[in-house]
Amino acid sequence: MTEPFVGKQLTLREFTVTDRLLSDFHGGLALNPRADGRVPTAVASDAESAYFNEIAFANHVGHLWMRQGWECFGQMTARGTYVTSGCIRDIYPHRDRSVVHYEVEARDATGKLVIRTHHHQSFLREVPAGGEVAFRDPSKKPGVRKFVVPEGEAFGGLSRTITIEMCGEFFHGNANYHTDRQASRTLGFRDVVVGGRMTMAYAANVLEDHFGDAWWQSGRIDLKFTNPVWPGDTITVRGVATGDVDGDPDRRGAFVWLAKADDTVALVAEASVAA
């Protein structure tokens, strides 16, 4: 297996928004399909994840998502087929991990760019002693709960209790550390890790509802994962509309966060659309 390197070009692929993919997406998140028929933005994460084996370090024990970014330029359509491509933009250290930042683009049949994603996937440089990944107590992390919710109009409030059955459906019945306890323990986790693709999709859902068409045409997000989510956790996604974006009056901003029932924050995100 070739280790990742900066500048590596990823394989050209085709990605189709199948009926099965949409069914698994909505069923796994316990969300109804949109009344307007639009394909949710986060469906594109299925295309991005197909590149894992091309960007991963050999040690998969303990690998976790750290950060995710999107730039939207149009909407995908049900049963539409897209060409995806990508490259590794950077590899950088973060504590005991190496983080691979890779970019993926999806284009429609005319060559129009529909979405660009920026993914930061982290890999432990060494297998942990005993083989189990240790997580810091969320209440003892530096800066915990210190983010300031900006003033503005509140939106969101979407809440779900995530079950292992939901995880299995979302990931198409595949056995991996997001769906199967044994597979998760093999990678050093005490339990199934609810996929970042799932929690990220909930954040995107409230932004889609809040911004409407502007989100699909011009949405941007910079999302950071701060704590893992486990099956049985109840999560709630909330947002605040923040108005004009500093340094870019032509965009309107929002701040979004996802928290568990005990107030542990699992992700925070800054988002915006064209004004």
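Here we summarise the structure given alongside this text. (Residues numbered from 1 in each chain as written. Predicted model: local features only at pLDDT ≥ 70, side-chain atom pairs only at ≥ 80, totals over all residues. Heavy atoms only, no water.)

Thoughts on the sheet that holds strand β2 (residues 64-72)
Test applied: Only strands that DSSP links by at least two bridges are regarded as paired with each other. Working definition: helices are DSSP H or I runs of at least four residues, strands are E runs of at least two. Numbering for both runs from the N terminus. Interaxial angles span 0 to 180 degrees and are taken between N-to-C directions of axes, which are lines fitted to C-alpha atoms, for helices over the stretch in contact. Should any heavy atoms of two residues lie within 4.5 Å, those residues are considered in contact.
The antiparallel open sheet is built from 10 strands, whose spatial order is β1-β3-β4-β5-β2-β7-β10-β9-β8-β6. Lying at the two open borders of the sheet, with one neighbouring strand each, are β1 (9-16) and β6 (153-161). For this sheet, the mean inter-axis angle between neighbouring strands, taken without regard to orientation, is 20°. Direction of pairing for strand β4 (residues 97-107) relative to strand β5 (residues 113-124): antiparallel, over a ladder of 11 bridges. What sits directly across from tyrosine 102, in β5, is histidine 119. Helix-sheet contacts for helix α6 (residues 196-211) involve β2, β6, β7 (220-225), β8 (234-245), β9 (248-260) and β10 (265-274), and the interaxial angle to β9 is about 135°.

Some words on the packing of aromatic side chains
Centre distance and the angle of the planes are the two values used to describe a pair of aromatic rings. The condition that has to hold: Aromatic rings from Phe, Tyr and Trp, with only the six-membered ring used for Trp, were paired whenever their centres fell within 6.5 Å, and each pair was classed as stacked if the ring planes differed by under 30 degrees, edge-to-face if by over 60, and tilted otherwise. We call a residue buried when its accessible area falls under 20% of the maximum for its residue type, exposed when it is over 50%, and partly exposed in between, using a 1.4 Å probe and counting protein chains only. In our convention, an over-ring charge means Lys NZ or Arg CZ found within 6 Å of a ring centre and within 35 degrees of that ring's normal.
Per the stated rule, a full pass over the model turns up 10 aromatic pairs. A ring pair is formed by tyrosine 177 and phenylalanine 189, whose centres lie 5.4 Å apart and whose planes are at 20°; its orientation type is stacked. Of this pair, tyrosine 177 sits in the loop between α4 (164-170) and α5 (181-186) while phenylalanine 189 sits in the loop between α5 and α6, placing them 12 residues apart in sequence. Residues phenylalanine 255 and tryptophan 257 carry aromatic rings whose centres are separated by 5.8 Å and whose planes lie at 35° to one another, so their mutual orientation is tilted. Residue phenylalanine 255 is classed as buried on the basis of its relative accessible area, which comes to 9%. Connected via pairs of aromatic rings, a cluster forms that spans Phe135, Tyr177, Phe189 and Trp230. Its guanidinium or amino end placed over the ring of tyrosine 51, arginine 13 lies 4.9 Å from that ring's centre, counting from NZ or CZ.

Topic: the nonpolar core
Soluble globular proteins tend to pack their nonpolar side chains together in the buried interior. Rules: Nonpolar cores are built from buried Ala, Val, Leu, Ile, Met, Phe, Trp, Tyr and Cys residues. Side-chain atoms within 4.5 Å join them into one set.
One finds Met76, Met198, Tyr202, Leu207 and Trp215 to be the most contacted residues of the largest nonpolar core, which totals 55 residues. It is α6 that provides the largest number of residues to this core, a total of nine residues. The contact partners of tryptophan 215, leaving out residues within four places of it in the chain, are Thr41, Trp70, Cys72, Leu207, Glu208, Arg220, Ile221, Ala271, Ser272 and Val273. The next biggest cluster of nonpolar side chains, apart from the first, holds 11 residues, and it includes Leu10, Phe57, Val100 and Phe123.

As for the environment of alanine 203
Note that alanine 203 resides in helix α6. On the basis of relative accessible area, alanine 203 is assigned to the buried category, the value being 0%. Spatially, the C-alpha atoms of alanine 203 and proline 128 are 31 Å apart, while their sequence positions differ by 75 residues. In this structure alanine 203 touches Leu223, Val237, Val256 and Leu267, once residues within four positions along its chain are discounted.

Some words on the pattern of salt bridges
Defined as follows: Between Lys or Arg on one side and Asp or Glu on the other, a salt bridge is scored when a side-chain nitrogen of the former is within 4 Å of a carboxyl oxygen of the latter.
The full count for this structure, using the stated rule, is 15 salt bridges. Here aspartate 191 and arginine 181 are joined by a salt bridge, their closest N and O atoms 2.9 Å apart. Of this pair, aspartate 191 sits in the loop between α5 and α6 while arginine 181 is found in helix α5, placing the two residues 10 residues apart along the sequence. Using a relative accessible area of 14% as the deciding quantity, one classes aspartate 191 as buried. The class of arginine 181 is partly exposed, set by a relative accessible area of 36%. Among the charged side chains, a network of salt bridges with common partners joins Arg34, Asp36, Arg38, Asp209 and Asp213.

Topic: the state of the cysteines
For the record, the criterion: Cysteine sulfurs are considered disulfide-paired once they come within 2.5 Å of each other.
Counted by the stated rule, this structure contains zero disulfides. In this structure cysteine 87 is not part of a disulfide, and its nearest cysteine sulfur, from cysteine 72, lies 19 Å away.

A short note on the packing of helix α1 (residues 19-29) against α6
How two helices pack is summed up by the angle between their axes together with the distance between the axes. To keep things clear, this is the line we draw: Any angle that falls under 35 degrees is termed roughly parallel, while one over 145 is termed roughly antiparallel, one within 65 to 115 roughly perpendicular, and all others oblique.
Contact pair α1 / α6: the axes reach a minimum separation of 11 Å and the direction vectors enclose 85°. As summarised for this structure, α1 and α6 are arranged roughly perpendicular, according to the angle between their axes. Facing Phe25, Gly28 and Leu29 of α1, the residues of α6 in contact are Met198, Ala201 and Tyr202.

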